[in-house]
Amino acid sequence: MQTLSLQRQKFYPLSVVLVDKMLALTVLALLLPVHALNTLLAISQQKALTRSEIKQDALGRVVELTRWNVGLLRESLYLLNVIKNEISLAGVSLKYVCIEEDILTLTPLKPGLFSLYEIQHTIGRIDCSHGDTLRQHEKNITVRFQLAIVIKAIVCCVLYQSNKAREASRFNVLGVHVDNWLLADVLNWIFTDTNIDTNTNINAKGNCRSGYFINVNSINLAYSDGNFKKVLASADCTLADGSGVRLGAKRLGVQLRDNVNGTDLLPHICRRAIAEGWSIYLLGSEKGVAAATAKNLKASFTGLRIAGTHHGFVSEQDDEQLVQQINQSGADIVLVAMGSPMQEKWIARNKANLQASTALAVGGLFDFYSGKIPRAPVWMRELGMEWIYRLAMEPRAKFNRYVIGNPLFMWRIMNAKT
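Given the structure is predicted, the values throughout are model-derived calculations rather than measurements. Residues take numbers from 1 onward in each chain, read along the sequence in its written order. Confidence filtering applies because this is a predicted model: local features only for residues at pLDDT of at least 70, side-chain atom pairs given and counted only at 80 or more, and all residues used for totals across whole chains, interfaces and linings. As a rule here, side-chain values come from all non-hydrogen atoms in the structure, and water together with hydrogens is ignored.

Section: helix 10 (residues 226–233)
Going by this rule: Each residue is placed in one exposure class: buried if its accessible area under a 1.4 Å probe, protein chains only, is under 20% of its type's maximum, exposed if it is over 50%, and partly exposed if it falls in between. The way it works is that DSSP assigns letters per residue, a run of H or I at least four long becomes a helix, a run of E at least two long becomes a strand, and they are numbered from the N terminus. When we speak of the arc, we mean the arc of directions from the helix axis to the C-beta atoms. In this description, contact between two residues means that some pair of their heavy atoms is separated by no more than 4.5 Å. Throughout this description, a polar contact denotes any pair of N or O atoms lying within 3.5 Å of each other; where both atoms belong to protein, one of them has to be capable of donating a hydrogen while the other can accept it, and for residues adjacent in sequence the pair is counted only when both atoms sit in side chains.
Among the residues of helix 10, those classed as buried are F228, V231 and L232. Each buried residue of helix 10 sits inside an arc of 95° when the element is viewed along its axis, so together they form one side. Exposed residues lying more than 90 degrees from the buried face of helix 10 are N227, K230 and A233. Where helix 10 is buried, its residues contact strand 6 (176–179), strand 7 (209–214), helix 9 (216–224), strand 8 (237–240) and helix 15 (342–350). The opening residue of helix 10 is D225, an N-cap whose side-chain oxygen sits 3.1 Å from the backbone nitrogen of N227.

Quick look at the structure:
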C-alpha cells in the first residue's frame, strides 16, 4: 500500500494536487452553514459528528472516507479525503466496478469523487469501455482534463440522472414504444438467426426482423403521422437514440441504459459480424456514399464481408428488384440509411420478402463512416450535445428538426401524463 501511495505521488503533477486541494477547501468553505447545521443536529441527538465509511473503487481497492453522521450533504466531507491526498476529485470510480480482465492490474490513478466512466455511463455511451476510460485518464493527468471531468460529470448528473427513475425494459414516449436494452442484449438480438430453413440450410423469406432507432425527430413525426406511428409499432425492436429521448425518459421516470444509436453500434456489429461470419448490405444515402462507407469499413475491420451497396434514392417501384438484389447477395444484415420516415417505411414494406436476418434503419450513419460529414467532438458527445454540432454543420437541413423540433418535443413531454 505504501509503494502504491508513492507511485501516486510521483504520477500526479503538483499542479493537479494543489488544484484538487484548493477546490476542495473552497467548496467546504461555501458549505460552512451546512456544516454548522449538521454539527448542531449531531449534538442535539447526542451522536458523533462524523463517521468513517469504507468504500471500494472500480478496481476493488479499499478506501476509508469521512462523512457526516447526520444532516444534509453528508458525503460533502469526502472533500477532507481530497485535501489529505487520499482520493482525487477525478479518478477511478467509487460507484461502478470494472470487470474487464485486462484492467485488473492496479493503476496509479487515485479513486475519485468523479470519473470519466461515470460520464459515459450516465449518457449511455457504448463506444468506450470502462478500461478505455481508465487508460485515457492515465494519459491525461492535467489540471484541464481533471476539471473537465468534474464539470462534465456534474452537468450529466443534473441533466440525465434521477434517483427516482426506474430501469424499465420497455416504456412509452408520446405513444411510441422504446426498448431499454443494454449493448450486449442488442447484439445478441441482431445476431440471432431466425431465417435458416433447417431442411435446405439457407435463408428463408418472411423472418427478417426490423430494428429502428428512436430519436426526438422520429417521435415528433409519429406524433403527427398516425401511419408512421403504426410503422414504428410494427418493429421488432425500437431503441432509444440520443440525449433528447434520455431527457424525455427521465421526465417519465425511466432511467435509460445504454445509448444504442446506430453510429456507435456499427463498430460492434462489424466485429461481431467478422466473428460470426455474417455479411452486411449497405442501402441508402447519395450515390457513392454507401460504396465509400463499405470501403472504409473493410479497411478498418479486416475480414468484414460487405455483401453489396446501393444508394437510397429509390421509389416503391424499385422495391422488388432491390429486394431481389439484396437477397441474391446473401446478406445477413441490411443497414438502411434513408432518413426518417422513409427508411422505416421501406423496411416495413419489404421485410417480409427479405432473406436477411435483420434490417436496421440507421439514419445518417453512412455520411459519418464515408467521411462526408465529421462527427461531433468527443466532449460534445459526452454531454449529449451532438445535435448542436449537427445543426452547425447543416443549419438549413437541420433547422426544423432541432431548433423547432427539440423544444416542441420537450413541451409535449412536460405536458404528458406520467
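Here's the deal with the packing of helix 2 (residues 14–30) against helix 3 (residues 32–44)
Short version of the rule: Working convention: axes come from line fits to C-alpha atoms, limited for helices to the stretch in contact. Angles between N-to-C directions cover 0 to 180 degrees. Angles are sorted into four bins: roughly parallel if under 35 degrees, roughly antiparallel if over 145, roughly perpendicular if 65 to 115, and oblique for all others. Only Asp, Glu, Lys and Arg are considered charged in this grouping, and only Ala, Val, Leu, Ile, Met, Phe, Trp, Tyr, Cys and Pro are considered nonpolar; every other residue, Gly among them, is considered polar.
Running from N to C, helix 2 and helix 3 cross one another at 60°; their axes reach a closest spacing of 4 Å. In terms of axis orientation, helix 2 runs oblique to helix 3. When helix 2 is examined against helix 3, the residues L28, A29 and L30 are found in contact with a partner set consisting of L32, P33 and H35. Residue composition of the contact of helix 2 with helix 3, by class: five nonpolar, one polar and no charged.

Considerations on the nonpolar core
Basically, it comes down to this: Within this scheme, the nonpolar core is defined by two criteria: the residues are buried Ala, Val, Leu, Ile, Met, Phe, Trp, Tyr or Cys, and they are joined through side-chain atoms within 4.5 Å.
V173, Y212, I219, L283, I326 and W346 are the most contacted members of the largest nonpolar core, which totals 40 residues. Each residue touching V173, except ones within four places of it in the same chain, is listed here: V178, I219, L252, F409 and I413. In this structure, L266, I280, V362 and L365 belong to the second largest nonpolar core, which totals 33 residues.

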